[in-house]
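Take a look at the letters that make up each chain.
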Amino acid sequence: MAATHADEGSDPIRAARAALRVERRRTVDEREALRAFRGRVSSVPTEDGNATAAGPAAMDPTRGAGGAIGGAAGSPDGAGGAASPGSGLVAVRDAYRATVMSVPHYETEYDDTYERSVAAEFGPEIAYALTRTDSFHEAYKRSLLSAVETAVQEREAFLDALESEIESVERAGSRLDPVRSEVAAIDDELGDGDAAAAAAGFGALDACRTRIEALVEDCDRIAARRQRVLADHERRLAIGDDIDFATYCYQDLDASYPVLAAVGTLGDRLERLRDRIERAMARTR
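Residues numbered from 1 in each chain as written. Predicted model: local features only at pLDDT ≥ 70, side-chain atom pairs only at ≥ 80, totals over all residues. Heavy atoms only, no water.

A. Region of the structure containing the packing of helix H6 (residues 138-190) against helix H8 (residues 202-236). Here H6 crosses H8 at 170 degrees, and the two axes come no closer than 11 Å. Looking at the two axes, H6 sits roughly antiparallel to H8. Classified by chirality, the crossing of H8 by H6 is left-handed. Taken together, the residues of the contact of H6 with H8 break down into 16 nonpolar, three polar and 10 charged. (Axes fitted to C-alpha atoms, helices over the stretch in contact; angles between N-to-C directions. Helix = DSSP H or I, 4+ residues; strand = E, 2+ residues; numbered from the N terminus. Parallel < 35°, antiparallel > 145°, perpendicular 65-115°, else oblique. Left-handed = near helix turned anticlockwise from the far one by under 90°. Nonpolar A, V, L, I, M, F, W, Y, C, P; charged D, E, K, R; others polar.)

As structure tokens, this is what we get:
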């Protein structure tokens, strides 16, 4: 899962919608690719021998003949340290390339070798077993299938969060639209400049100020609800130590929190309008 999205003009809500559409499509593609890979791995026969015959090093990337993953002998793309062309390890590699590494956005988003990809997706121990040993043992198959299932579940959890995020962004956008319209209407009523605004009279200006205060409260409620949604994402979904859900989804947009950015921009506009109204009111006294 990685986000690469282009901003859409200066509207952060519209940009967020576009980013979420792309992220959802890519996450679905990855989930389906992992499911297809799981099906293919299930049909790959295991090979005779004991996976622990060489000791714990068989599933530990920090031990054994090659040490860490990058230090063991084998092909540059990690086809299996000494695996023969017809072995189960090669079949697993080919299945992975044909599914997970063949999603439309793979090269753009990841562009990893097979070895690096399986290490990132399933962990270094499984990557070691798949790329630095010579046989596809039953223990390897069980561990791999379990790791694939975990990866599928992670995509499904992320999709759930994306659906919640899409709904939240749509709701916020639909509630900000009438606020924008009302702000534009008040702006038109005030005319150009403080003198034109003062001509409306104290009572009309006071009514506009009251409308402004109500709109500020609307924005505050939208922002508070948005903060609750973001907090819920963080409770339910762990992406990484250094990045939260919104920053991940919107990392290529101008604003990492586009809804809050839209609310902030509108709030600034409301503040300027209120200042203008109060200046005009002072002129009428």
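B. How the structure looks around the side chain of His233. Its place among the elements puts His233 in helix H8. A distance of 2.9 Å separates a polar atom in the side chain of His233 from a polar atom in the side chain of Glu165. (Polar contact = N/O pair within 3.5 Å; in protein donor to acceptor, adjacent residues only side chain to side chain.)

C. Expanded view of helix H4 (residues 114-122). Listed in full, the buried residues belonging to H4 are Tyr114, Glu115, Ser117, Val118 and Phe122. Projected onto a plane normal to the axis of H4, the buried residues spread over an arc of 165 degrees and lie on a single side. Exposed positions of H4 whose direction lies more than 90 degrees from the buried face are Arg116 and Ala120. In this structure, the buried side of H4 is in contact with helix H1 (12-42), helix H2 (88-98), helix H3 (106-109), helix H5 (124-131) and H6. (Buried < 20%, exposed > 50% of the residue type's maximum accessible area, 1.4 Å probe, protein only. Arc of directions from axis to C-beta. Contact = heavy atoms within 4.5 Å.)

D. Molecular detail of the side chain of Thr99. Here Thr99 shows up in the loop between H2 and H3. Of the residues examined, Thr99 reaches a relative accessible area of 9% and is grouped as buried. When neighbours within four sequence positions are excluded, Thr99 is seen to be in contact with Ala33, Ala36, Phe37 and Arg40.

E. Region of interest: the nonpolar core. Grouped together as the largest cluster of nonpolar side chains are 44 residues, with contacts concentrated most on Ile186, Leu190, Cys249, Tyr250 and Ile277. For this core, the elements supplying multiple residues, two or more each, are H1, H6, helix H7 (193-198), H8, helix H9 (245-249) and helix H10 (258-284). Sequence-distant contacts of Tyr250, that is, excluding residues within four places in its chain, are made with Ala16, Ala19, Leu20, Glu165, Val169, Arg226, Ala255, Ser256 and Pro258. In terms of nonpolar packing, the next biggest core, distinct from the first, is built from 27 residues, Ala33, Leu34, Met101 and Val148 among them. (Core = buried A, V, L, I, M, F, W, Y, C linked by side-chain atoms within 4.5 Å.)

F. Region of the structure containing H10. In this model, H10 (27 residues) spans 39 Å end to end at C-alpha, consistent with the 39 Å of a helix rising 1.5 Å per residue. Among the residues of H10, those classed as buried are Pro258, Val259, Ala262, Val263, Leu266, Leu270, Leu273, Arg274, Arg276, Ile277, Ala280 and Met281. (Expected span 1.5 Å × (residues − 1).)

G. Focus on unusual backbone geometry. For Asp111, which is not a glycine, the phi torsion comes out positive at approximately 55 degrees. For Asp111, the position within the fold is in the loop between H3 and H4.

H. Highlighting the pattern of salt bridges. Under the definition given, this model contains 26 salt bridges. Across the salt bridge formed by Arg155 and Glu30, the nearest N and O atoms sit 2.9 Å from each other. Remark: Glu30 occurs in helix H1 and Arg155 occurs in helix H6; sequence separation between them is 125 residues. The burial state of Arg155 is the same as that of Glu30; both residues are buried. Salt-bridge contacts for Asp218 lead to Arg221; the nearest nitrogen and oxygen are separated by 2.3 Å. Placement of the pair is Asp218 and Arg221 together in helix H8, with a separation of three residues, close to one helical turn. A relative accessible area of 25% places Asp218 in the partly exposed class. (Salt bridge = Lys/Arg side-chain N within 4 Å of Asp/Glu carboxyl O.)

In short, shape yes, function no, at least from these values alone.
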